[in-house]
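# Architecture and fold: a report
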Amino acid sequence: MLRVLRVLLVLCLATSAVPAAAATAAASDPARAELRGIVENVAGATGKRYGVKDDAGHVMDTVKIIQDSTGGYLAVSHHLAGDGHFRVNLATSSDLLTWHWVRELAGSNTGPASQPTIIQASNGGFVLAWEQEQPGGGNNHLAFRYFASRADLLAGTVSRAYDAPRRLSSCAEGTPNIYSVTLSPDIDHSTIDIGGHYWWNCDRDRQQRGTLTNFNSWSTAAQPNFDNALLYWGVNGNIGDRDNTTFRGYAFGLIEGQYTKGDFGSWRTFVYDYQTGNADRTTITTDGGSTAFANPTITSLKAPNGRPALVITLFIPGEGAASGESGELIYYTTY
């Protein structure tokens, strides 16, 4: 009897060391594998560009791209201005790779603004979010702006504004992505699902997920299970920027993890499966062989040739960049 119990204990311990996705096949496994293959194959992408800048000469770091309902594409990104402060910019494109600067959306009047993301609501309006600092630096928090129409977005005309109080860290919260916007029926009666990170113990970035209600109320909670998906792979530094999309009917995300705190060359990008709560490591292959990849975004949209595509953006730090590949990378693959 004791021998049987010992065997059962060994089997239980062995099973607990295996990620859930590895222990039993999940319905999302084939789609996740296909998505990971697309993310990893920069060299074989349908289209790509390294070190992206707009036609005004601004670097387009941490760019988020969405479909423009009137044709073409819209993007928000940040650049470091001459005064040492970040600015959020808006740009348009017809081919996903060359970008026309439209205007600054945040930074000059708000204090340093970075890490922007954007989504179009069902009524045609746009929700913009970014990480906001006070003019003198510090007090990093999430900022939200609503533009009632495309024309208002291009003109920089804000209809609603909200700056979220920090709930999880006394030091910093930021780097948002937007999961969804639900209007019931308008922005003043809305639910906006937001991902972000908070500076855990004022030491390392960890994940949070929150809700902006009626554009005037903010609640959020830590996401330790999200963190655990990367901690499993030995990520000991920051767990930061993320983005999400739907692919083959399943919800997936890309998320950055830093293996060693303070080492920019140790940034890697992971594929996260919202169905299983597990993450896959990626081995991204660029033309030159870059090794570090941060600030991922991913969007499902129509490519310039009309086919369905995934457009992915990554920031390649100089510490892990091959010659000619540092800075912002945009690439898309049709399927």
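Presented here is an overview of the structure given in this document. (Residues numbered from 1 in each chain as written. Predicted model: local features only at pLDDT ≥ 70, side-chain atom pairs only at ≥ 80, totals over all residues. Heavy atoms only, no water.)

## Digging into the pairing of strand β20 (residues 327–334)
Put simply, the rule reads: The classification of residues rests on relative accessible area computed with a 1.4 Å probe and restricted to protein chains. Under 20% of the type maximum is buried, over 50% is exposed, and intermediate values are partly exposed. Counting from the N terminus, the helices are DSSP H or I runs at least four residues long and the strands are E runs at least two residues long. The pairing criterion for strands is at least two bridges between them, as found by DSSP.
The element β20 is extensively covered by neighbouring structure, given that eight of its eight residues are classed as buried. Of the pairings in the sheet, the one linking strand β1 (residues 47–49) to β20 comprises three bridges and is antiparallel in character. Bridge pairing in β20 links K48 to Y331. Of the strand pairs in this sheet, strand β19 (residues 308–316) and β20 are connected by eight bridges, and their pairing is antiparallel. If you follow A309 over to β20, its bridge partner there is T334.

## Looking at the nonpolar core
As a reminder of what qualifies: Side-chain atoms within 4.5 Å are what join buried Ala, Val, Leu, Ile, Met, Phe, Trp, Tyr and Cys residues into a set we call a nonpolar core. Here a residue-residue contact requires only that any non-hydrogen atoms of the pair lie within 4.5 Å.
Of all hydrophobic cores here, the largest spans 20 residues; its most connected members are L35, V39, F247, I312, L314, L329 and Y331. When residues of this core are traced back to their parent elements, those giving at least two are α3 (29–40), β15 (250–258), β19 and β20. Residue contacts for V39: discarding those within four places in its chain leaves L254, I284, I312 and Y331.

## Points about helix α5 (residues 224–231)
Basically, it comes down to this: Think of the arc as the fan of directions from the helix axis to the C-beta atoms.
Buried within α5 we find F226, D227, A229 and L230. Axial view of α5: buried residues confined to an arc of 150°, hence all on one face. Packed against the buried residues of α5 are β10 (173–183), β12 (204–213), β14 (239–247), β15, β16 (267–273) and β17 (278–281).

## Comments concerning unusual backbone geometry
With an omega of 5°, the peptide bond running from S184 to P185 counts as cis. Tracing the chain through its elements places P185 in the loop between β10 and β11 (190–200).

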